[in-house]
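If you want the building blocks of each chain, they are given just below.
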Amino acid sequence: MSMPSAEPAMPVSAPVDLPKPPLRRLARKLIVLVLAKIVFISLVWWAVAAYYARPDTRPAAIEHLLAPAPSSSSSQAGNP
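Scoring rules and cut-offs
- Residues numbered from 1 in each chain as written.
- Predicted model: local features only at pLDDT ≥ 70, side-chain atom pairs only at ≥ 80, totals over all residues.
- Heavy atoms only, no water.
- Helix = DSSP H or I, 4+ residues; strand = E, 2+ residues; numbered from the N terminus.
- Buried < 20%, exposed > 50% of the residue type's maximum accessible area, 1.4 Å probe, protein only.
- Areas by Shrake-Rupley, 256 points an atom, 1.4 Å probe, with all protein chains shown as cover.
- pLDDT = per-residue confidence, 0-100.
- Patch = residues over 30% accessible without salt bridge, like charges linked within 9 Å, V, L, I, M, F, W, Y side chains within 5 Å.
- Salt bridge = Lys/Arg side-chain N within 4 Å of Asp/Glu carboxyl O.

Draft legend 1. How the structure looks around the overall build of the protein. A tally of helices and strands in the protein yields 3 helices and 0 strands. Sequence-ordered secondary structure for the protein, helices as α and strands as β, is α-α-α. Classification of the 80 residues of the protein by burial places 1% in the buried group. As displayed, the protein has an accessible area near 8600 Å², and 70% of this comes from carbon and sulfur atoms.

Draft legend 2. Up close: the confidence of the model for the protein. Model confidence for the protein is summarised by a mean pLDDT of 79, while 64% of its residues fall at 70 or above. Mean pLDDT per element in the protein: helix 3 (residues 70-77) is the minimum at 60, and helix 1 (residues 22-49) is the maximum at 94.

Draft legend 3. Summary view of a nonpolar patch on the surface. The grouping of F40, I41, V44, V48 and Y52 at the surface amounts to a nonpolar patch, some 560 Å² of accessible area in total. On the accessibility criterion, Y52 (63% relative accessible area) is exposed.

So, in structure tokens, the structure goes:
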């Protein structure tokens, strides 16, 4: 003999849309924040560095910078 249950049967309901997990939302916010900072710092660096003259990197200019001074070679010739 089975006795009828006093508890009502649970109705079958449609799946409930839960809000997005807070960690996923936080991760997205942090990623956007990091990207925004990278863009901002890049723009500041570009604004500051754009006004400086670029160094002359031609081979002749580098050779001129690395060559010994003409007066130093004549002063060493007299020393024993």
